[in-house]
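Coordinate analysis (summary)
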Amino acid sequence: MMKGLFIFFLMLLIFASCNQTKKPENKSAGAEVITQKSQQDSINAVAVKALKALKEKNYQAFAYCFHPIDGVRFSPYGFIDPTHKHVLAKDFLEAIDKNWTLTWGHFDGSGEAIKMKVKPYIERFVYNEDYLNADRKSYDEFIGQGNTINNLKESYPQLHFTEYYFKGNGEKYKGLDWNSLRFVFKKHEQAYYLVAVIHDQWTI
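This is a predicted model, so every value here is computed, not measured.

1. Looking at helix α3 (residues 89–97)
Here α3 has its buried residues at F92, A95 and I96. Down the axis, α3 shows its buried residues gathered within 100° of arc, on one side only. Seen from the open side of α3, the exposed residues pointing more than 90 degrees away from its buried face are K90 and D97. The inward-facing, buried residues of α3 abut α2 (59–63), β1 (73–75), β2 (101–106) and α4 (118–125).

2. Quick notes on the pairing of strand β5 (residues 160–166)
Residues in a regular strand project their side chains so that they alternate between the two faces of the sheet. A large share of β5 lies buried, amounting to six of its seven residues. The sheet contact formed by strand β4 (residues 136–139) and β5 spans four bridges and is antiparallel. Bridge assignment links R136 to a residue of β5, and that residue is Y165. Note: β5 against strand β6 (residues 179–188), seven bridges, orientation antiparallel. Counterpart to T162 in the pairing with β6 is F183.

3. Notes on the side chain of H199
With respect to the helices, strands and loops of the structure, H199 is situated in strand β7 (residues 191–201). In terms of polar contacts, H199 uses its side chain to reach the side chain of Q201, at 3.5 Å. With residues near it in sequence (within four places) discarded, H199 still touches S75, P76, Y77, G78, R124, F125, N128, Y131, N179 and S180.

4. With respect to the pattern of salt bridges
In the structure shown here, the tally under the stated rule is seven salt bridges. We note a salt bridge from K57 to E123, for which the minimum N-O separation is 3.5 Å. Residue K57 is located in the loop between α1 (2–55) and α2, and its partner E123 is located in helix α4; the two are separated by 66 residues in the primary sequence. Across the pair E94 and K98 runs a salt bridge, and its minimum N-O distance is 2.9 Å. One network of salt bridges, with partners in common, ties together E163, R182 and D200.

Conventions adopted
- Residues numbered from 1 in each chain as written.
- Predicted model: local features only at pLDDT ≥ 70, side-chain atom pairs only at ≥ 80, totals over all residues.
- Heavy atoms only, no water.
- Buried < 20%, exposed > 50% of the residue type's maximum accessible area, 1.4 Å probe, protein only.
- Helix = DSSP H or I, 4+ residues; strand = E, 2+ residues; numbered from the N terminus.
- Arc of directions from axis to C-beta.
- Contact = heavy atoms within 4.5 Å.
- Pairing = 2+ DSSP bridges.
- Polar contact = N/O pair within 3.5 Å; in protein donor to acceptor, adjacent residues only side chain to side chain.
- Salt bridge = Lys/Arg side-chain N within 4 Å of Asp/Glu carboxyl O.

Following this line, the structure appears as structure tokens:
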């Protein structure tokens, strides 16, 4: 009888020991999930601020989202020209204040230089749709697929991005009038900021 009780208690101790070794693994896995979710939530929060500022044409608030050191590179199409410089927030706001005409790239088809003031450029090549209420939204995944080379991942390796997509009038233009806006983010002192604002659409 005593021998049977001894074996029973020994089995209970082994079972309890096994459970204790498994708990740290589960806790660690849970911590990773929380960290990943927190990162995506932080990026999405900055993206929403930028979209709201653009919708309200509050360019001061939009500039607050710029990376404080790198600034932001604007691209009118999905292919990012590596020769285009990043614009710092102060230079962006000064260009608006002084009504400067800037060169943003080249028009699809004609190849002519895109020389526009900041506000008209934003209205045509940034917030040309209500992206705050886009048809589809994504995180680190592309939605709009056109005939232009998409080199975002090559231009900004290991950085996270969001995309906001409108499918357009499928019946009238057979889906070729879709539009996308992509934001690329970089971390600075525990916060995320914009380093690229990319408009994409079907090109000739």
